[in-house]
12 protein chains.
Amino acid sequence: MAAIKSPLPDDAQKVAGEALQGSLIDLIDLSLTAKQAHWNLTGRNFKVVHEHLDEIVALARGGQDDVAERAVAIGVNPDGRARTVADRTKNPQLEAGYLADDKVVAAITDLLAQIIARFRERITATDEPDPVTQDLLIAIARELEKQHWMFQAQT
Amino acid sequence: MAAIKSPLPDDAQKVAGEALQGSLIDLIDLSLTAKQAHWNLTGRNFKVVHEHLDEIVALARGGQDDVAERAVAIGVNPDGRARTVADRTKNPQLEAGYLADDKVVAAITDLLAQIIARFRERITATDEPDPVTQDLLIAIARELEKQHWMFQAQT
Amino acid sequence: MAAIKSPLPDDAQKVAGEALQGSLIDLIDLSLTAKQAHWNLTGRNFKVVHEHLDEIVALARGGQDDVAERAVAIGVNPDGRARTVADRTKNPQLEAGYLADDKVVAAITDLLAQIIARFRERITATDEPDPVTQDLLIAIARELEKQHWMFQAQT
Amino acid sequence: MAAIKSPLPDDAQKVAGEALQGSLIDLIDLSLTAKQAHWNLTGRNFKVVHEHLDEIVALARGGQDDVAERAVAIGVNPDGRARTVADRTKNPQLEAGYLADDKVVAAITDLLAQIIARFRERITATDEPDPVTQDLLIAIARELEKQHWMFQAQT
Amino acid sequence: MAAIKSPLPDDAQKVAGEALQGSLIDLIDLSLTAKQAHWNLTGRNFKVVHEHLDEIVALARGGQDDVAERAVAIGVNPDGRARTVADRTKNPQLEAGYLADDKVVAAITDLLAQIIARFRERITATDEPDPVTQDLLIAIARELEKQHWMFQAQT
Amino acid sequence: MAAIKSPLPDDAQKVAGEALQGSLIDLIDLSLTAKQAHWNLTGRNFKVVHEHLDEIVALARGGQDDVAERAVAIGVNPDGRARTVADRTKNPQLEAGYLADDKVVAAITDLLAQIIARFRERITATDEPDPVTQDLLIAIARELEKQHWMFQAQT
Amino acid sequence: MAAIKSPLPDDAQKVAGEALQGSLIDLIDLSLTAKQAHWNLTGRNFKVVHEHLDEIVALARGGQDDVAERAVAIGVNPDGRARTVADRTKNPQLEAGYLADDKVVAAITDLLAQIIARFRERITATDEPDPVTQDLLIAIARELEKQHWMFQAQT
Amino acid sequence: MAAIKSPLPDDAQKVAGEALQGSLIDLIDLSLTAKQAHWNLTGRNFKVVHEHLDEIVALARGGQDDVAERAVAIGVNPDGRARTVADRTKNPQLEAGYLADDKVVAAITDLLAQIIARFRERITATDEPDPVTQDLLIAIARELEKQHWMFQAQT
Amino acid sequence: MAAIKSPLPDDAQKVAGEALQGSLIDLIDLSLTAKQAHWNLTGRNFKVVHEHLDEIVALARGGQDDVAERAVAIGVNPDGRARTVADRTKNPQLEAGYLADDKVVAAITDLLAQIIARFRERITATDEPDPVTQDLLIAIARELEKQHWMFQAQT
Amino acid sequence: MAAIKSPLPDDAQKVAGEALQGSLIDLIDLSLTAKQAHWNLTGRNFKVVHEHLDEIVALARGGQDDVAERAVAIGVNPDGRARTVADRTKNPQLEAGYLADDKVVAAITDLLAQIIARFRERITATDEPDPVTQDLLIAIARELEKQHWMFQAQT
Amino acid sequence: MAAIKSPLPDDAQKVAGEALQGSLIDLIDLSLTAKQAHWNLTGRNFKVVHEHLDEIVALARGGQDDVAERAVAIGVNPDGRARTVADRTKNPQLEAGYLADDKVVAAITDLLAQIIARFRERITATDEPDPVTQDLLIAIARELEKQHWMFQAQT
Amino acid sequence: MAAIKSPLPDDAQKVAGEALQGSLIDLIDLSLTAKQAHWNLTGRNFKVVHEHLDEIVALARGGQDDVAERAVAIGVNPDGRARTVADRTKNPQLEAGYLADDKVVAAITDLLAQIIARFRERITATDEPDPVTQDLLIAIARELEKQHWMFQAQT
């Protein structure tokens, strides 16, 4: 089967593809982590944090689709299978069992900070090779940084 | 942290909890698999299958939330972290790279058949211990079997 | 053309398939009967009964789709052709021409009672072989019994 | 029970009434046929044709109500009971069992062509006696001819 | 102030203009009559007839706008002032004070029959001079005849 | 037929009833006048004034229903028939034929000013006898005064 | 726990608080009564009255929330517990068992008349001490009186 | 007045009827209790708990209608009058006056646990006599248990 | 590739096809002209005319689809390519650059008048050969004549 | 430029105008203050208070428009420019920088109490001169007092 | 008539203006081409491709408005008249008559690739002179590249 | 209270923070100015300009939230208090009292031009330090420039 013909030259395609695949792993794992916390949460602020976490899930799922479809649009196969995510994610993982609300808020704040740092690198990296990909990463970063502030403000 | 107090006796809780945790793994992996196919698909029927796969994703994501929240409601912690899903899933996994539409249809048909078989066992197992959990599993099974027919009808 | 592969063993498939095909005939004929009354109605309560009959039509049409798609999902071909419905229906049929509102209310009450009796038998019959089919029949029966009460309350 | 008093003279009422009753049989049988195909369909184009058939069902059901209510508005009792439809329909009938997608597309194309021919005759017949009925039949014919093109274009 | 330039020759404009002005008076008076009954109604069927009358009001108001704007579009000034309506209406008028539901149903049935007769004449008259105006009158007539049947069916 | 039993004593009923019947005539005539202008309007500001007049129509129609239903709720029969409106309205009437936009704006401004003056009197009159009726009149007056400003601002 | 600090002086708070608490009992009991009739109704007008009663329920429930939240906003604790409602309600109570439609219409008419009389007293009482509370009671009274007319018109 | 004719034999009707009447009392009292807390709540988590309690009210009100209409559909008169609820409820009652948020969360958790225990018994009791009633009780129990977890998680 | 089989005889098809193709050119060019004016407009009435022009665009685009799909439904290929539109349009064309609002209003009035004249001819021409096509052209002509009035009224 | 002609005599206009201008300053400053807190908030209850503050903003913005448009409707120019607000506001102002959630809740409670006191005075002042203005101020006061309770309940 | 005063210096305006005018021609022609294919399409995948083409039309029409309004916002007159589009388009044109689905998919893929190449050049060209225009072109390019992938995936 | 931890280094944070704070002042003052004109407007184009100004308000309010939340997300406290806005705004201020429509159009055109010039500088300044902030400013600038054209086109 022939690859999708990319609108980008090979070098640019390679850089943008890696940025997008890395973002995909970050965002899938973020959605799984946020759901894990959403379900196992306890504490006085349960209701608010429980619902806030679903905003993270929605953001992460919307972002997954955007980055994966951008990857294939430039001729790079996105890989979002369970094994790939588990093996390549650089995100800190939650403990099993009940999770206290304040610990969840701190963990999500930290997790978002780490993902944002990687998005910042990808934004720099894609500036030259593919401003279209860069523009997508900027848009997602803005939402991640907004949520990072909101979780941080609760600590 | 004290566990959520279950409305079920211990035995019933254990059986229902295992059924729900197993269903959770099935459904998370199903959603990741369907998204992987959604993104890497090629072939004359691309548009239709691409959109059909998102119906599977929506079904699987809705089901995840229902079974995980049911688990915690009976005092059992659901575990839907990336590593847990990757290690415990019994579903066959897709190849990396482009995926031809007819192969995807066959793979999803087969995957749904396997998940349905496990749901059938869980429905039998939970009948006595917890009819509330059983009723939820029946509702999800009906949707899975409907999609199983629809994918199979295309082969 | 190969049949759709059923998630049920042969015996269960046969019992559930017959229950579903019988329900399909009941529900198609119910929708045609209710429309016939909807159009030919007269009497002081015309407006209310005219609109109430369309609730029956909506219920019957929604139910048709559910039972027919459930049938094919378990590998049994539903048959809802005009000739099949006319020949196999066990429902009492309306007279041609204008229909007085009180007679329509009585006729629909009676018709629903007969269909409900058959649904009750099918619910019993499918309990063991296919709880998924049974659950669908229970859901439809609940709506039929609710409408049965509402029509009966007007007599 | 006295008949609804018609706004039309007897001759005009008779012609328009026959056109409407004939259309009613056509449209009820069309809806039953399209549902039968919707349920028993197989083939690579299953999903698209399955959904396309429901557009036919919606068109046929909307048209049924319009022609039947037009009939009674001019003092003619519409008859849409199962037995009447089965006995009087002139439409070719589908086989029982699974139906391949390309055969369904051909069958619906042919069926629509036959119904359209009868609608064309009714439009001519009602021009003089009742332009209000004619206008309704023209509106339905336009939708039938549009669908006829769409099914035909797939063959 | 110069008149709106009509797309019709003078003869056609005159015929169509008279048909539209006559329809305007009919429809404004119909809306006022239906509201009068809506407010002063009594009787066991109060609620149903009260709401049904508002369907007449909506139909009459929608029709007013359509015929008046059609008139000005062909260069004829519509006149819908209170005095004009009171002086030129040919409709029978309701008594002041409370109105029993069955009498209202009979009165509206009769009123609709008279308006329909005039619309039928206008449809014939405009066929040659302006098929665009005729098409509009046919559409309104269809709705009037539908309501005529519905009110008549209650008597 | 017995009158609706009023929640008000006779004196209060009489005062409130007259205020409401007067308001009804004002509002029906306002809606007919605004529609007349809506249809026969010309001038550079046609589009804006044409649409603005429909806001007046909507306000007047909503107000009609409220005051008429309030009248009957206190046991007073509202009278909104064409002849009654034509005979009792105190509003200045529009000329027949085309109406220039600036003249319409001036006429509506003046018309609203006159209606507002009468509403102000009714608000004073009903304060003691029926604060419920007064509250309704205040609410309508607020909308009338808002539109009065908006039309006046254009002159 | 300190009380909510009221924007009203003590005397005014006391009068307004009693008016609101009395209204709360009236409205909760009205909603329970209307539901009781909604469920146990029989008779030819079942469908219409059944649905009309739910308009009463919606009105009563909306009103409950408004008066209770107004009470606490002025520093008075509303009490809407089952025991309080049962002991303090002044409304006539329905019989157990089936309820004929005409008797229900009469009973609701009577019940509304009694509640309206008490609202009228509260409107007078709160005029001076708290016009904000009064305005709320007037708004609810208008709706109650509108429904009172509608039920009464059916008798 | 003749009773509604039940689709159930007498024994089954009796068991199902008692289960439904018991559930009705539970759910009405639950809605009144949750509203009482909704209005009198204080504490740092006021806003969240205030809104959360309205989810309980919505659930309890929806459930009331379902169980009461199910009761009458099987020929048993539901009784939801204020006196009946006050006398027969087994739920612990709230204190009058302000209620601290943490105490409310604990009280609702406890209250839901007691209601759930009774629903569990009713689910067991109705399994044989009426699976349609049982299915309804299961559906409500699932929602109650979900809310029970959510309130419990906050303690 | 075989042509779509027409429901019309050859002569009728030819006449209707030409009417539809002519209408298609008119409507595509109208939409391009209206957009050109929408973008390059200046003058005190900019905002109103700018938005009014988009109503023309919406009307013209909706009409394009209807006439083109009607053409292919009767077996005639519509041609709406840029070159065809540019070469065959009979409409006067706008100047490049800024366009004053009053000139635009005059130009659109004139343009609509010309298109309407051609639609009138096509309505006459298609009456006999294809009343279904005629009915579509009448519906579009009504909208064009309504807009023609509205633009003319502003001059 | 001539002033808008007021429906009020000069004395009444002056009193109502001052009440409205004062309310305008209060409400603009309230919206700016609530937004300032919305953005700079921190603390465990960040998410809830952050969203609750936007309810205040929406209330204040809606109120601004109502009072300003009421002012101009009675011929008084509202002044809501930045300098005017800054110079005339009597509200306590927030500190710059981060704001702890409990301090914000206390500050908003206090701020609302002060604004409510002024609204209460304006309600008294406008009773005689302009009941229409008074009615508007009462409606806004009710919402302010409701929010005052909700914020106070959290302290 | 004076030109719109641009926020850009002359050089920047010229570069951005040319990029926008070029994009306008591309997008208008794309919408006409996609509609031509939408209407004349045949083949087994007719329904899917027919609907997919309308996504292209929607994208192209939305983009037209954005680029044309951006052009005039920077003081450059957009030119989208039929003759201009026909003469300046660089896009390959479709044949007249029926178009097979696979050929259409290939043609649209190729057409999108050519348009994308020109957008890439314009994105580079506008980076320095006007980042606001560039940002708009990037957003459109992302959508074009996404559709390019989707059409390509079907070949 | 510790500051929100920024994802930016100090230098970048400072530049972006100043750009955002400046934008915040511009946008709050723009919204207050546009509202002032919205309320005090007079002239023949009152209705259109009155509504157009609310589009400016909506744009300015949406932008305020975006820039202020972006500021705090990078650890900089936005300051949007009345005093700050009044003291720091660089925008020309409107006169008190009535404002003629043409003067308002000119004033808003000029005001937008000045704000746009500052946004252009901020876009240049933030390119290097924070492309995420820059992207937000570009998006707002595009809307401001679009409105600038629309107001300018009316002069």
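Here the structure is a predicted model, which is why all the values come from computation and not from measurement. (Residues numbered from 1 in each chain as written. Chains lettered and ligands numbered in written order. Predicted model: local features only at pLDDT ≥ 70, side-chain atom pairs only at ≥ 80, totals over all residues. Heavy atoms only, no water.)

Novice: What am I meant to see in the side chain of Asp130 of chain L here?
Specialist: Within the secondary structure, Asp130 of chain L sits in the loop between helix H4 (101-126) and helix H5 (131-152). In this structure Asp130 of chain L comes out as buried when scored by relative accessible area, which is 0%. Apart from the residues within four sequence positions on either side, Asp130 of chain L is in contact with Arg120 of chain A together with Leu8, Ala16, Arg70 and Ile74 of chain L. (Helix = DSSP H or I, 4+ residues; strand = E, 2+ residues; numbered from the N terminus. Buried < 20%, exposed > 50% of the residue type's maximum accessible area, 1.4 Å probe, protein only. Contact = heavy atoms within 4.5 Å.)

Novice: Would you explain the relation of the copies chain H and chain G in this entry?
Specialist: One chain copy maps onto the other through a rotation about an axis and a shift parallel to that axis. For the pair chain H and chain G, the superposition axis carries a translation of 0.0 Å, the fit reaches an RMSD of 0.0 Å, and the rotation angle comes to 180°. Here the copies are linked by what is in effect a two-fold axis. In this assembly, 98% of the residues forming the interface of chain H have copies in chain G that are likewise at the interface, indicating an isologous arrangement. (Least-squares fit on C-alpha atoms with pLDDT ≥ 70 in both.)

Novice: Help me out: how do you make sense of the UniProt feature "domain: Ferritin/DPS" (unreviewed entry) in chain A in this one?
Specialist: According to UniProt, the positions carrying the feature "domain: Ferritin/DPS" (unreviewed entry) are residues 18-154 of chain A. What you have in residues 18-154 of chain A is 77% helix and 3% strand, and the ends, taken at the C-alpha atoms, are 34 Å apart. (UniProt positions renumbered as here; feature names shortened; annotations may be inferred.)

Novice: I'm lost on a negative patch on the surface in this one. Help?
Specialist: There is a patch of like negative charges on the surface, built from Asp127 and Glu128 of chain A, Asp127 and Glu128 of chain K together with Asp127 and Glu128 of chain L. Counting through the fold element by element, Glu128 of chain L comes out in the loop between H4 and H5. On the accessibility criterion, Glu128 of chain L (71% relative accessible area) is exposed. (Patch = residues over 30% accessible without salt bridge, like charges linked within 9 Å, V, L, I, M, F, W, Y side chains within 5 Å. Areas by Shrake-Rupley, 256 points an atom, 1.4 Å probe, with all protein chains shown as cover. Salt bridge = Lys/Arg side-chain N within 4 Å of Asp/Glu carboxyl O. Lys, Arg positive; Asp, Glu negative; His and termini not counted. Charge placed at Lys NZ, Arg CZ, Asp CG, Glu CD.)

Novice: Mind showing me how you'd approach the interface of chain C and chain D here?
Specialist: Where interface size is quoted, it is often the accessible area lost as the parts come together. Counting residues at the interface gives 40 residues for chain C and 40 residues for chain D. The junction of chain C with chain D conceals about 3,400 Å² of combined surface from both sides, 54% of it contributed by carbon and sulfur atoms. Across the chain C-chain D interface, the total number found is four salt bridges. One salt bridge in this structure joins Lys35 of chain C and Asp65 of chain D, with 2.6 Å as the shortest N-O distance. Secondary-structure elements contributing two or more residues to the side of chain C that touches chain D are helix H1 (10-40), helix H2 (46-73), helix H3 (82-88) and strand S2 (99-100) of chain C. Of the residues forming the side of chain C that touches chain D, the biggest block, nine residues, is contributed by H1 of chain C. Across the side of chain C that touches chain D, the residue classes tally to 19 nonpolar, eleven polar and ten charged. (Buried area = accessible area lost by both parts, 1.4 Å probe. Nonpolar A, V, L, I, M, F, W, Y, C, P; charged D, E, K, R; others polar.)

Novice: Looking at this structure, how should I read the packing of helix H2 (residues 46-73) of chain H against helix H5 (residues 131-153) of chain H?
Specialist: The packing of two helices is summarised by the inter-axis angle and the distance between the axes. Residue and element names in this part refer to chain H. Where H2 meets H5, the axes come as close as 11 Å, and the angle between the chain directions of the two elements is 170°. Classified by the interaxial angle, the pair formed by H2 and H5 is roughly antiparallel. Listed contacts from H5 to His52, Leu53, Glu55, Ile56, Leu59, Gly63, Asp66, Val67 and Arg70 of H2 are Val132, Thr133, Leu136, Leu137, Ile140, Glu143, Leu144, Gln147, Met150 and Phe151. Residue composition of the contact of H2 with H5, grouped by class: eleven nonpolar, four polar and four charged. (Axes fitted to C-alpha atoms, helices over the stretch in contact; angles between N-to-C directions. Parallel < 35°, antiparallel > 145°, perpendicular 65-115°, else oblique.)

Novice: Just checking my understanding: could you explain the pattern of salt bridges for this structure?
Specialist: Pairs can form between side chains of opposite charge once their charged atoms are near each other. Going through the model one piece at a time under the given rule, you end up with 192 salt bridges over all chains. One salt bridge connects Lys35 of chain C with Asp54 of chain C, and the closest N-O pair in it is separated by 2.9 Å. In this pair, Lys35 of chain C is assigned in helix H1 and Asp54 of chain C in helix H2, connecting sequence segments 19 residues apart. Among the salt bridges present, the one from Arg83 of chain J reaches Asp87 of chain L, with a minimum N-O distance of 3.4 Å. Within this pair, whereas Arg83 of chain J is found in helix H3 (residues 82-88), its partner Asp87 of chain L is found in helix H3 (residues 82-88), the two belonging to separate chains. Accessibility expressed as a relative area gives 37% for Arg83 of chain J, which makes it partly exposed. Looking at Asp87 of chain L, the relative accessible area reads 47%, which means it is partly exposed. One continuous salt-bridge network, built from bridges that share partners, spans Arg70 and Asp130 of chain A together with Arg120 and Glu145 of chain K.

Novice: Can you help me understand the confidence of the model for chain A in this one?
Specialist: Caution applies to low-pLDDT regions: their predicted coordinates should not be interpreted in detail. When pLDDT is averaged across chain A, the result is 96; 98% of the residues are at 70 or more. Two summary scores accompany this predicted model of the complex, namely pTM at 0.97 and ipTM at 0.96. (pLDDT = per-residue confidence, 0-100.)

Novice: Would you take a moment to explain the relation of the copies chain C and chain D for this structure?
Specialist: Once turned by 180° and shifted 0.0 Å along the axis, chain C lies on chain D with an RMSD of 0.0 Å. Interface overlap between copies is the fraction of interface residues in one copy that are interface residues in the other; for chain C against chain D it reaches 100%, indicating a shared surface.

Novice: Whenever I open this one, the side chain of Asp101 of chain A confuses me. Can you help?
Specialist: One can find Asp101 of chain A in helix H4 (residues 101-126). For Asp101 of chain A, a relative accessible area of 6% gives the class buried. At a separation of 3.2 Å, a polar atom in the side chain of Asp101 of chain A contacts the main-chain amide nitrogen of Arg44 of chain A. Excluding anything up to four places from it in sequence, Asp101 of chain A contacts Leu41, Thr42, Gly43, Arg44, Asn45, Phe46 and Val49 of chain A together with Arg44 of chain J. (Polar contact = N/O pair within 3.5 Å; in protein donor to acceptor, adjacent residues only side chain to side chain.)

Novice: Teacher, can you tell me more about the packing of aromatic side chains here?
Specialist: When we look at a pair of aromatic rings, we describe it by the centre distance and by the angle of the planes. Summed over the entire model, instances satisfying the criterion amount to twelve aromatic pairs over all chains. Centroid distance Phe46 of chain A to Trp149 of chain H: 5.7 Å. Interplanar angle 75°. Geometry classified as edge-to-face. Taken together, the residues Phe46 of chain A in helix H2 (residues 46-73) and Trp149 of chain H in helix H5 connect one chain to another. Given a relative accessible area of 0%, Phe46 of chain A falls into the buried group. For Trp149 of chain H, a relative accessible area of 0% translates into the label buried. Positioned above the aromatic ring of Phe119 of chain H, the side-chain terminus of Arg122 of chain H is 5.2 Å from the ring centre. (Phe/Tyr/Trp six-rings, centres within 6.5 Å; stacked < 30°, edge-to-face > 60°. Lys NZ or Arg CZ within 6 Å of the ring centre and 35° of its normal.)

Novice: Any chance you could explain the interface of chain H and chain G here in plain terms?
Specialist: Of the residues lining the interface, 40 residues belong to chain H; the matching set on chain G comes to 39 residues. The junction of chain H with chain G conceals about 3,300 Å² of combined surface from both sides, 54% of it contributed by carbon and sulfur atoms. Run the count over chain H and chain G and you get four salt bridges. At the boundary of chain H and chain G, one finds 22 residue pairs in polar contact (both at pLDDT 80 or more). Sorting the residues of the side of chain H that touches chain G by element identifies helix H1 (10-40), H2, helix H3 (82-88) and strand S2 (99-100) of chain H as the ones contributing at least two each. Ranked by residues supplied to the side of chain H that touches chain G, first place goes to H1 of chain H with nine residues. Among the residues making up the side of chain H that touches chain G, the classes are represented as 19 nonpolar, eleven polar and ten charged.

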